[in-house]
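# Examining the three-dimensional arrangement
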Amino acid sequence: MSPQRPITPQHVAFIMDGNGRWAKQRLLPRAAGHAKGASQVRKVIENCVARGISHVTLYAFSTENWARPSDEVSALMGLFLKYLRGEVADMRENGIRLRVLGDISAFSTEIQAAVRDAEESTAHNSRLSLHVAANYGGRNELLGAMKAWMKANPGAPPEALDAAGIEAYLYTKDLPAPDLLIRTGGECRLSNFLLWQTAYTELYFTDALWPDFDAAALDKALIWFKGRERRFGKTSEQVQL
Ligand code: IPE
Ligand code: IPE
Ligand code: MG
């Protein structure tokens, strides 16, 4: 088997979509779907650890999600805080390192403190690296990276800027690009998620709603991934050498 057909993806990114529809199917408020979705996160991470995946990125809240009704935004903030505070001890014990990707300055001081605490107290862990994208937007990230590069290199000519220069200022600067992106909820779009990093990511879309995304659904995605041929612009003959 060629190295272009890895058995297991090293980095899997998830767009956790479909909480609202899950709740609607049950005649429940949208917040109940988010609560169920948040409780699903733990199981998905356990399943990823069990399958030897070393990096997981979860899209939890986009820069555009602030435009939702304020009671829904409040419910999501409450769940984020509860998750950060409630999971940190288990993460520390289970070797999970947590990092938040996004502009956390827009969150309450309580959430910002909980993020810092969770990041600091899991910083030494290395079994699974978990990244939660919160107030994250790919366009903001890229704009921020370009501005940061320009500030760090005052007066530099445009030719001096290269891909590595941009990558050095992305939230994901220390991370490998995702090998596999899984979006639940049936939509086939990125919704401003990891626009730069997904250049050669395998994209998997499933109708399963996030609260229903169980071990069997993950395994289905991983089997699909195994069947991909990652060519990175080359021909099939070249990568099979
Ligand atoms: C994803 O579920 C969670 C967030 C965007 C925070 P949605 O709330 O978007 O669920 P649907 O798409 O309305 O079903
Ligand atoms: C993407 O889902 C954002 C997250 C899952 C956090 P959305 O539900 O916000 O995406 P759109 O609006 O359907 O594209
Ligand atoms: Mg949605």
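Quick summary incoming for the structure in this document. The shown structure was predicted, so the numbers you read here are calculated from the model rather than taken from an experiment.

### Focus on the overall build of the protein
- If you tally the helices and strands in the protein, you get 8 helices and 6 strands.
- Helices and strands in the protein line up, N terminus first, as β-α-α-β-α-β-α-β-α-α-β-β-α-α.
- For 241 residues, the compact-globule formula gives about 18 Å, and the C-alpha radius of gyration of the protein, at 19 Å, lands near that figure.
- Dimensions of the protein, computed from C-alpha atoms along their principal axes, come out at roughly 50 × 45 × 35 Å.
- Counting contacts in the protein only where the partners sit at least 6 residues apart, residues at least 24 apart contribute 77% of the total.
- Accessible surface, the protein as shown: approximately 12,400 Å² in total, 53% of it carbon and sulfur.
- Where the 29 positive side-chain charges of the protein centre and where its 27 negative ones centre are 3 Å apart.

### Section: the packing of aromatic side chains
- The full count for this structure, using the stated rule, is 12 aromatic pairs.
- Ring plane angle 65 degrees and centroid distance 5.8 Å describe the contact between Phe 14 and Trp 210, whose orientation is recorded as edge-to-face. Placement of Phe 14 in strand E1 (residues 11-15) and of Trp 210 in the loop between strand E6 (202-205) and helix H7 (215-226) is noted, with a sequence separation of 196 residues between them.
- A relative accessible area of 1% means that Trp 210 is categorised as buried.
- Members of the aromatic cluster, each reached through a chain of ring pairs, are Tyr 59, Tyr 136, Tyr 171 and Phe 193.

### A look at the packing of helix H2 (residues 30-50) against helix H3 (residues 70-93)
- Contact geometry for H2 and H3: axes closest at 10 Å, N-to-C directions at 25 degrees. Taken together, the axis directions place H2 and H3 in an arrangement best described as roughly parallel. Helix-helix and strand crossings are classified by hand; for H2 and H3 the assignment is right-handed. Contact residues: H2 offers Arg 30, Ala 31, His 34, Ala 35, Ala 38, Val 41, Arg 42 and Ile 45, while H3 offers Glu 72, Ala 75, Leu 76, Leu 79, Tyr 83, Glu 87 and Asp 90.
- Classifying every residue of the contact of H2 with H3 gives 9 nonpolar, 1 polar and 5 charged.

### Examining the nonpolar core
- With 44 residues, the main nonpolar core has Phe 14, Ile 45, Phe 80, Leu 98, Leu 130 and Ile 182 as its most contacted residues.
- The contacts of Ile 182, once residues within four sequence positions are left out, are Val 12, Ala 13, Phe 14, Ile 15, Tyr 204, Thr 206, Phe 213, Leu 218 and Ala 221.

### Things to note about the site of ligand 1
- The full set close to ligand 1 counts 13 residues, and Asp 17, Gly 20, Arg 21, Arg 30 and Arg 68 are the nearest of them.
- Asp 17 places a polar side-chain atom, nitrogen or oxygen, 2.8 Å from an oxygen atom of ligand 1.
- Gly 18 has a polar backbone atom sitting 3.3 Å from an oxygen atom of ligand 1.
- Relative to its unbound accessible area of 380 Å², ligand 1 is 86% covered by the protein chains.
- For ligand 1, the cavity whose grid points lie within 2 Å of the majority of its atoms is the largest pocket.

### Thoughts on the site of ligand 2
- Around ligand 2 lies a shell formed by Ile 15, Met 16, Asp 17, Tyr 59, Ala 60, Phe 61, Asn 65, Arg 68, Arg 183, Arg 189 and Ser 191.
- Arg 68 is positioned such that a nitrogen or oxygen atom in its side chain is 3.1 Å from an oxygen atom of ligand 2.
- A distance of 3.3 Å separates an oxygen atom of ligand 2 from a polar side-chain atom of Arg 183.
- Out of a free accessible area of 390 Å², ligand 2 has 78% covered by protein chains.
- If you tally residues by element for the shell around ligand 2, the top one is strand E2 (residues 55-62), at 3 residues.
- Looking at the shell around ligand 2 residue by residue, the class counts come to 5 nonpolar, 2 polar and 4 charged.

### Quick look at the side chain of Arg 99
- If you trace the backbone, Arg 99 turns up in strand E3 (residues 96-101).
- Engagement of the side chain of Arg 99 in a polar contact is seen with the side chain of Ser 129, the distance being 3.2 Å.

### A closer look at the layout of surface pockets
- Its boundaries defined by the atoms lining it, the largest pocket holds a volume of some 740 Å³.
- Looking at the largest pocket, it is lined by 31 residues, and the ones nearest its centre are Met 16, Asn 19, Tyr 59, Ala 60 and Phe 61.
- Those elements that place two or more of their residues in the lining of the largest pocket are helix H1 (19-25), H2, E2, H3 and strand E4 (128-136).
- Of the residues in the lining of the largest pocket, the class split is 16 nonpolar, 8 polar and 7 charged.
- If you add up the space inside the second largest pocket, you get close to 300 Å³.
- Forming the boundary of the second largest pocket are 16 residues, of which Val 100, Gly 102, Leu 170, Tyr 171 and Thr 172 lie nearest the centre.
- Listing elements by their share of the lining of the second largest pocket, those giving two or more residues are E3 and helix H5 (138-152).
- With 4 residues, the single largest contributor to the lining of the second largest pocket is H5.

Thresholds applied
- Residues numbered from 1 in each chain as written.
- Chains lettered and ligands numbered in written order.
- Predicted model: local features only at pLDDT ≥ 70, side-chain atom pairs only at ≥ 80, totals over all residues.
- Heavy atoms only, no water.
- Helix = DSSP H or I, 4+ residues; strand = E, 2+ residues; numbered from the N terminus.
- Rg over C-alpha atoms; globule rule 2.2 N^0.38 Å.
- Contact = heavy atoms within 4.5 Å.
- Areas by Shrake-Rupley, 256 points an atom, 1.4 Å probe, with all protein chains shown as cover.
- Lys, Arg positive; Asp, Glu negative; His and termini not counted.
- Charge placed at Lys NZ, Arg CZ, Asp CG, Glu CD.
- Phe/Tyr/Trp six-rings, centres within 6.5 Å; stacked < 30°, edge-to-face > 60°.
- Buried < 20%, exposed > 50% of the residue type's maximum accessible area, 1.4 Å probe, protein only.
- Axes fitted to C-alpha atoms, helices over the stretch in contact; angles between N-to-C directions.
- Parallel < 35°, antiparallel > 145°, perpendicular 65-115°, else oblique.
- Left-handed = near helix turned anticlockwise from the far one by under 90°.
- Nonpolar A, V, L, I, M, F, W, Y, C, P; charged D, E, K, R; others polar.
- Core = buried A, V, L, I, M, F, W, Y, C linked by side-chain atoms within 4.5 Å.
- Near = heavy atom within 4 Å.
- Polar contact = N/O pair within 3.5 Å; in protein donor to acceptor, adjacent residues only side chain to side chain.
- 1 Å grid on protein atoms, 1.4 Å probe; cavity = no way out; pocket = protein on both sides within 12 Å on 5 of 7 lines; lining within 4 Å.
- Sits in = over half its atoms within 2 Å of the grid points.
- Points joined across faces, edges and corners; volume = space filled by probe spheres on them.

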